Amino acid sequence: MSGPPDLDALRDRLRGADGPRFWRSLDAVADSPEFRDYLASEFPAASRLAAAPDRRGFLKLMAASFALGGLTACGRDGRDYEVPYVNQPERVLPGVALSYASNAVFDGYGNGILVTTRNGRPVKVEGNPDHPWSRGGTDILAQASVLGLYDPFRSQAVQHLGRPASWAAFNGAMLPQMAEWRQSGGKGVALLTGPITSPTIAAEIARWRAAYPDAWWFSGSARDGALEGARRAFGRPLETLPDFGKARVIVALDGDFLDLGPGQVGLSRRWIDARRAALAEGRLLPLFSAAPTPSLTSAKADDAVPASGDRLDAVGRALLTAAAGGAAPEGDDPVARWTRRASAALAGARGGGIVTAGLTASPDLHALVHRLNGQLGNAGTTLGYHAPVAEAGAGSLSDLAVAMERGEVQALIVLGANPVYEAPGALDFAARMERVPLKIHAGLYYDETGAHADWHLPLAHPLESWGDVRALDGTAGLIQPTVSPFYNGHTVQEVLASLGGTDEGMDSLALVKRHWRRDGEDEKAFEARFDEALRMGFFPGGAAAMEAVTVLPSPPAGGAGTAAAPTPPRDGEGSSVEVVFRPDGTLYDGTHADLAWLQELPKPLTKVVWENVIAVSPALAAREGLVNGDLVRIEAEGRSVTGPAWILPGQAADTVTLGLGYGRDVPDHLSRGLGYDAGDLRPVATPWRLQGARLVRTGQSRMPATTQHLGTLPDDEEGRAILRTQVPGGAPVGDKPGPPPSFYPPPESQDRWVAAQWGMAIDLDACTGCNACVTACQAENNIPVVGREEVALGRWLGWIRIDRYYEGDLDAPATHFQPVPCMHCESAPCEVGCPVEATLHDSEGLNLQVYNRCVGTRTCQSYCPYKVRRFNYLDYSGGMPPVTQQQRNPEVTVRARGVMEKCTYCIQRIADARIASAKDAHAPIPDGTVETACQGACPTRAITFGNVADPESRVSAAKRDPRNYALLGHLNTKPRTTYLAGLAPQGRKA
Amino acid sequence: MDNGTADDRPPGLATAQLFTPGADAIYRLVLMTLVACLVALPVLGAGIVRSNYVTGVGVAPSQPLPFSHKHHSGELGIDCRYCHTGVEKEASAGIPPTHTCMTCHSQIWTGSDMLKPVRDSYAQDKPLVWNRLNKLPGYVYFNHSVHVTKGVGCSSCHGDVTSMQMTYRANAFEMQFCLDCHRAPEKNLRTPAEVWNMEWKPPADQASLGPKLAERYHVRGGERLTECGICHR
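Keep in mind that what you see is a predicted model, and the values were worked out from it rather than measured.

### Thoughts on the overall build of chain B
Per the secondary structure count, chain B includes 11 helices and one strand. Tracing chain B from N to C terminus, the helices and strands come up as α-α-α-α-α-α-β-α-α-α-α-α. For 233 residues, the compact-globule formula gives about 17 Å, and the C-alpha radius of gyration of chain B, at 30 Å, lies well above that figure. Judged by the C-alpha coordinates and their principal axes, chain B covers about 105 × 50 × 35 Å. Burial statistics for chain B: of 233 residues in total, 19% are counted as buried. Across chain B, every contact between residues at least 6 apart in sequence was considered, and the portion connecting residues at least 24 apart equals 71%.

Structure below.
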């Protein structure tokens, strides 16, 4: 777009009859000539190639490439040797997949996973369907953890003052220290950890503290605010566990339960199960959301409204007043109207409502929500409360900073945390750390804290070590190694036991067993119990018990902290804004910022890759004359950060959102120099919100790379919408059953197709846009990362993209997600175009892509109406570090430069099942045997895959759903992938 | 500017012959050679590419020790599956671990110099590194188990291994080789008992037996088996 958005014109267009119903961006709504040109160009990804050489140069280049291209065929490919085992381990067979149950660790919390190994190498993570919390789903961090294991940026050696050292040297250096600590009782020794849910680590910390009774333990957690809120309401910190199955209405204040976090997988599944059950009864389980900035939770809401952080606290109070029999809030602004609707819905479902507050909500709002649920009779019915799963340290990060400032800390031991990066800028942690005489850091990476420490110790990756971890509901899971440690890393419990002098020569496994062995338990019985838990991945029956709660009397009205003081407007340039801080949509807190898969994963809402943006509302952008990519400076209390502005529909008007996890500063690491560090601005007292900041234009501009317009589909025409929404109980919006009318005779293949016919159904109501499928596909199918510049050219390579659409009003739109893999059309247009038959159909209905035949004309890409084909413009796979190549799935071809690729429906998994059935007397492949990577990863089971020729299969049942429709079905491509329309409430306001 | 005429040329040059009478013949010869080269070079190139020199067919590479299939399998009659354990169950037939060699050679020929690498490997826990004979491009996926359970014998691809003193590649595994069989599988199908017979030759009644076997094994015909997705993923 050439200028700042003309908001009024856009709003008119959206309201008028000629505006689009579903839109992806403001540019699309504006429908400017530049945007039309972009869409009309046949190969947006090649647009800049054509401009480069002149005709003569082009011919020279082609001649040279032709000659050299011939030479490349001369290279020997593959290895020329065979290395058998000396002693073949039991069950390890060359090329055969072997799965281990384990747990993925997300900010200290666990999710059940199954790790697939091939040839002794972990190559893929699947969900553990038996795990009581995660129930077979995974998130992007679990999927990407397999790349983290092979990450060449991982810390590979003990370092002392920045020089390579050894564990022996470290242990030697610690001996006199430990003697000293034992004498002083550990006075002045501070231990800092992240959230600790691991029972073994907690036990080792207890032992360590028993060895040094005067030592301190500090731990920081993103859940501190929520627990503080529970403490204010109930008198003790408690976790809240919603039981969506019993709910008739859900109100989410400030998002969170569907958002990326330790609870995402388990809560998303519980939510969608309840929503599906409600639909089966012909009703909607409505989700109301009010939040200062859009999130996945607000995107899935049936009634969402943007409300600034201040306003949100007021909304909470108004809901409480109304629930207590007071008057509903007055006013005619959108938030007041929303509050009345939510309040009425909650009042109509007393004892059957759920009000939740996101992790980033203020403790006050959490306390208000607890009181509100108590008032509505929800507490104890739809909401359970249990003791926190994470062990609480004696103090927080800021307590530690204060102690360091006072010079009270003589030794600082940081285990698995990175406070120098994570601590709010105001704490100035790095400078304060300098006052500590002895600093020890153990981490997966030699990060900012490692660089400031005297000793850095490499930790082992969860995929290569023993351990345990608890899920958000308290289920204790075991972590088992799937490969020998690469870099001689040790686990947190080993380091603790060694520093406490309590290890008794035990390794990680022995320490885990030491914790789990009950007193007086028979050795044999324990081993059997442990082995069974190891096989399942968790100890059964470990979920935390629910506790009865009573709400404390509320503090006197107008008491401290209830009413935020209005910020005095200050003079100066720019706008006064409220700033909210949010974990990044793909990196979360930045711990895994070196994982290129996460960097190149489009953020769920902005679709920006490789950096964080400063999200502003359309209204603020119009007032300040901002367009996407304009660099703006956010100033507060003498500090500032600068980043590109991004106009985010659904953002509260005067609120800007800063994303965490970027602005890393570790030399030579992938993440260095990407984005800005929002932590610089974070206040200590309210880590998620900052009042009274100023937004100032810098006059410069740098457009972030985004996949927002990748594969934009033609605008909807009469009744043939790209997206459809179904009102429960309303007229069905799906396609009529039976073949669509055609001038052509039915394909002769009908009678030929006697084998399994593969097809897919994607439930748009269940898709939360979490991206787990995209990362799973990348891991399964050896999809390389292309880099920021290539993405900016439109060459993002993912096989499944998640299109994000907005509907309705610019300021408070409804949001929809639509995953788009290859449709495997029965009448595939791409096959017509290929001059060398590199793409063609097989008798099971798969649209094949034959890499070794493809000559790269890209005709198929231009013929594909769904824009799901991806071209290897460069040799993206070639330059990967050897260690990262170990992650590749040996069952999938690594594509070379110059070939087209696309979703194959995981043909390697189909082939496995087909061969197994062929050997087994040709029994039909049972339904559910073939699970595509995207399907297996999905926490909400939105994707169903199977044999559509079998009327009994689950995918056939899904396709009989009256919500089932084909994307661009009027083109008569007969796609095998179809969609189930998302649900919408009756008469959603536009 | 004056370009000059023939009359202006120095005397002597006006009548001199620029080309000798044979020049035309040489010119034609060169032209014909060029045309011949245009045809011959690709033919020669194709020949070289298909030659055993390039494909390695019939060439036994050096190995860490001179293992003889002829001795073990042919003369002693050890079954293929004793060492290649994966062949009926997995994609890969598998190269035996050193442990398999030592099941016998810890008892017999225990002092043989020839077997020193095996003993060293076992004692030092260092794998033997064999030179690879049979190789497919990275985009081709072959599964041993489905072939042998469907009546395709070892020797159909690997040749008569039992007659090889030093093992060599019997066939260049080019696409043509795979397709010949996938187009008409019945020509190479054997009864289950014959799968491990290295000296198998199609019996006289293969023309009638083959289709019956194909039906019994549920082997689908050429149309299905030549679909790209069968081998390429």
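Past the structure itself, the notes keep going.
### Looking at the overall build of chain A
Within chain A, the secondary structure is distributed over 32 helices and 38 strands. Over its C-alpha trace chain A gives a radius of gyration of 28 Å, about what one expects of a compact globule, namely 30 Å for 990 residues. Expressed as lengths along the three principal axes of its C-alpha atoms, the size of chain A is roughly 90 × 80 × 60 Å. A burial count over chain A gives 53% of its 990 residues as buried. Pairs at least 24 residues apart make up 74% of the contacts formed inside chain A by residues separated by at least 6 positions.

### Examining the sheet that holds strand β36 (residues 964-965) of chain A
Read from one edge to the other, the open sheet built from four strands follows the order β35-β28-β37-β36 (chain A), with strand pairing classed as mixed. In this open sheet, the two edge strands, each paired with only one partner strand, are β35 (943-947) and β36 of chain A.

### Concerning the confidence of the model for chain A
All names here are of chain A. Per-chain confidence: chain A averages 89 in pLDDT, with 93% of residues scoring 70 or above. Ignoring residues within four places in sequence, the model shows residues 557-569, a span with pLDDT below 50, making nine contacts including any to other chains. The low-confidence segment residues 749-753, where pLDDT is below 50, has three contacts with residues more than four positions distant or belonging to other chains.

### Notes on the nonpolar core
By size, the foremost hydrophobic cluster in this structure holds 270 residues, and its most contacted members are Ile250(A), Leu253(A), Val579(A), Ile614(A), Val616(A), Ile634(A) and Cys773(A). If near-sequence neighbours (up to four positions away) are discounted, Ile614(A) is found in contact with Val632(A), Ile634(A), Gly643(A), Pro644(A), Ala645(A), Trp646(A), Val656(A) and Leu658(A). Listed in part, the 10 residues of the second largest apolar core include Val87(B), Ala93(B), Val152(B) and Val219(B).

### As for the interface of chain A and chain B
Residue-level contacts link 36 residues of chain A with 35 residues of chain B. Among the elements that line the side of chain A that touches chain B, the one with the most residues is helix α30 (residues 907-919) of chain A, at six residues. Across the side of chain A that touches chain B, the residue classes break down as 19 nonpolar, 10 polar and seven charged. By the bridge criterion, two bridges tie strand β2 (residues 81-82) of chain A to strand β1 (residues 130-131) of chain B in an arrangement that is antiparallel. Among the inter-strand pairings, Tyr81(A) is bridged to a residue of β1(B), identified as Asn131(B).

### Quick word on the pairing of strand β26 (residues 689-701) of chain A
Residue and element names in this part refer to chain A. Pairing between strand β21 (residues 575-582) and β26: five bridges, direction antiparallel. Counterpart to serine 575 in the pairing with β26 is leucine 695. Two elements, strand β23 (residues 630-636) and β26, share five bridges in a ladder whose sense is antiparallel. Across the sheet, residue isoleucine 634 finds its bridge partner in β26, namely leucine 695.

### Side note on the sheet that holds strand β13 (residues 303-306) of chain A
All names here are of chain A. Taking strand neighbours across the sheet as the criterion, the four strands line up as β13-β12-β11-β14 in an open arrangement whose pairing is parallel. Strand pairing shows two members of the sheet lacking a second neighbour, β13 and β14 (353-357), which therefore form its edges. Going across the sheet, the axis of each strand differs from the next one's by a mean of 10 degrees, ignoring polarity. Pairing analysis gives four bridges linking strand β12 (residues 287-291) to β13, with the strands arranged parallel. Paired with alanine 291 across the strands is proline 306, a residue of β13.

### Examining the environment of Pro213(A)
Its place among the elements puts Pro213(A) in the loop between α8 (199-211) and β9 (216-219). Excluding residues within four positions of it along the chain, Pro213(A) makes contact with Gly185(A) and Gly186(A).

### A closer look at unusual backbone geometry
Residue and element names in this part refer to chain A. Despite not being glycine, aspartate 668 shows a phi value in the positive range, around 70 degrees. You can see aspartate 668 is positioned in the loop between β25 (655-659) and β26. Even without being glycine, asparagine 972 reaches a positive phi, approximately 65 degrees.

### Details of the packing of helix α12 (residues 309-323) of chain A against helix α13 (residues 334-347) of chain A
A packed helix pair is summarised by two numbers, namely the angle formed by the two axes and the spacing between the axes. Residues and elements named next belong to chain A. For the pair α12 and α13, interaxial distance at closest approach is 10 Å and the crossing angle is 40 degrees. With respect to α13, the axis of α12 lies oblique. Regarding α12 and α13, the two cross each other, and that crossing is right-handed. In contact with Arg311, Val315, Ala318, Leu319, Ala322 and Ala323 of α12, α13 contributes Val335, Thr339, Ala342, Ser343, Leu346 and Ala347. By residue class, the composition of the contact of α12 with α13 is nine nonpolar, two polar and one charged.

### Topic: helix α1 (residues 23-50) of chain B
All names here are of chain B. The first and last C-alpha atoms of α1 sit 40 Å apart over 28 residues, in line with the 40 Å expected at 1.5 Å per residue. Where α1 bends most, at cysteine 37, the angle is about 30 degrees. The element α1 is barely covered by neighbouring structure, given that only zero of its 28 residues are classed as buried.

### Digging into helix α10 (residues 264-280) of chain A
All names here are of chain A. Here α10 is 17 residues long and its end C-alpha atoms lie 24 Å apart, about the 24 Å a rise of 1.5 Å per residue gives. Every buried residue of α10 is listed here: Gln264, Val265, Gly266, Leu267, Ser268, Arg269, Arg270, Trp271, Ile272, Ala274 and Arg275. On its buried side, α10 packs onto β4 (109-118). At the exit of α10 stands glycine 282, carrying a positive phi of roughly 80 degrees.

### Section: the environment of Gly638(A)
Within the secondary structure, Gly638(A) sits in the loop between β23 and β24 (639-647). Taking C-alpha positions, Gly638(A) is 61 Å from Ser956(A), a pair spaced 318 residues apart along the chain.

### Section: the confidence of the model for chain B
All names here are of chain B. Per-residue pLDDT for chain B averages 89, and the proportion of residues at 70 or more is 93%. For chain B, the element scoring lowest by mean pLDDT is helix α2 (residues 52-55), at 83; helix α6 (residues 116-124) scores highest, at 95. Across the predicted assembly, pTM comes out at 0.91 and ipTM at 0.85.

### Remarks on the packing of helix α9 (residues 224-234) of chain A against helix α14 (residues 363-375) of chain A
Residue and element names in this part refer to chain A. Between α9 and α14, the least distance of the axes is 7 Å, while the angle of their chain directions is 50 degrees. The angle between α9 and α14 falls in the class oblique. For the crossing formed where α9 meets α14, the hand is right-handed. Taken together, the residues of α14 that come into contact with α9 (itself represented by Gly225, Ala226, Glu228, Gly229, Ala230, Arg232, Ala233 and Phe234) are Pro363, Leu365, His366, Ala367, His370 and Arg371. When the residues that make up the contact of α9 with α14 are grouped by side-chain class, the tally is seven nonpolar, four polar and three charged.

### Topic: the environment of Leu846(A)
Positionally, Leu846(A) belongs in the loop between β31 (839-841) and β32 (847-849). C-alpha of Leu846(A) to C-alpha of Asp668(A): the two residues are 178 residues apart in sequence and 43 Å apart in space. For Leu846(A), the contacting residues outside a window of four places in its chain are Trp758(A), His824(A), His841(A), Tyr905(A), Ile907(A) and Gly229(B).

Calculation rules
Residues numbered from 1 in each chain as written. Chains lettered and ligands numbered in written order. Predicted model: local features only at pLDDT ≥ 70, side-chain atom pairs only at ≥ 80, totals over all residues. Helix = DSSP H or I, 4+ residues; strand = E, 2+ residues; numbered from the N terminus. Rg over C-alpha atoms; globule rule 2.2 N^0.38 Å. Buried ≥ 20, exposed ≤ 12 C-beta atoms within 10 Å, placed from the backbone. Contact = placed C-beta atoms within 7 Å. Pairing = 2+ DSSP bridges. pLDDT = per-residue confidence, 0-100. Core = buried A, V, L, I, M, F, W, Y, C linked by C-beta atoms within 7 Å. Nonpolar A, V, L, I, M, F, W, Y, C, P; charged D, E, K, R; others polar. Axes fitted to C-alpha atoms, helices over the stretch in contact; angles between N-to-C directions. Parallel < 35°, antiparallel > 145°, perpendicular 65-115°, else oblique. Left-handed = near helix turned anticlockwise from the far one by under 90°. Expected span 1.5 Å × (residues − 1). Bend = angle between axes of the 7 residues up to and from the residue.

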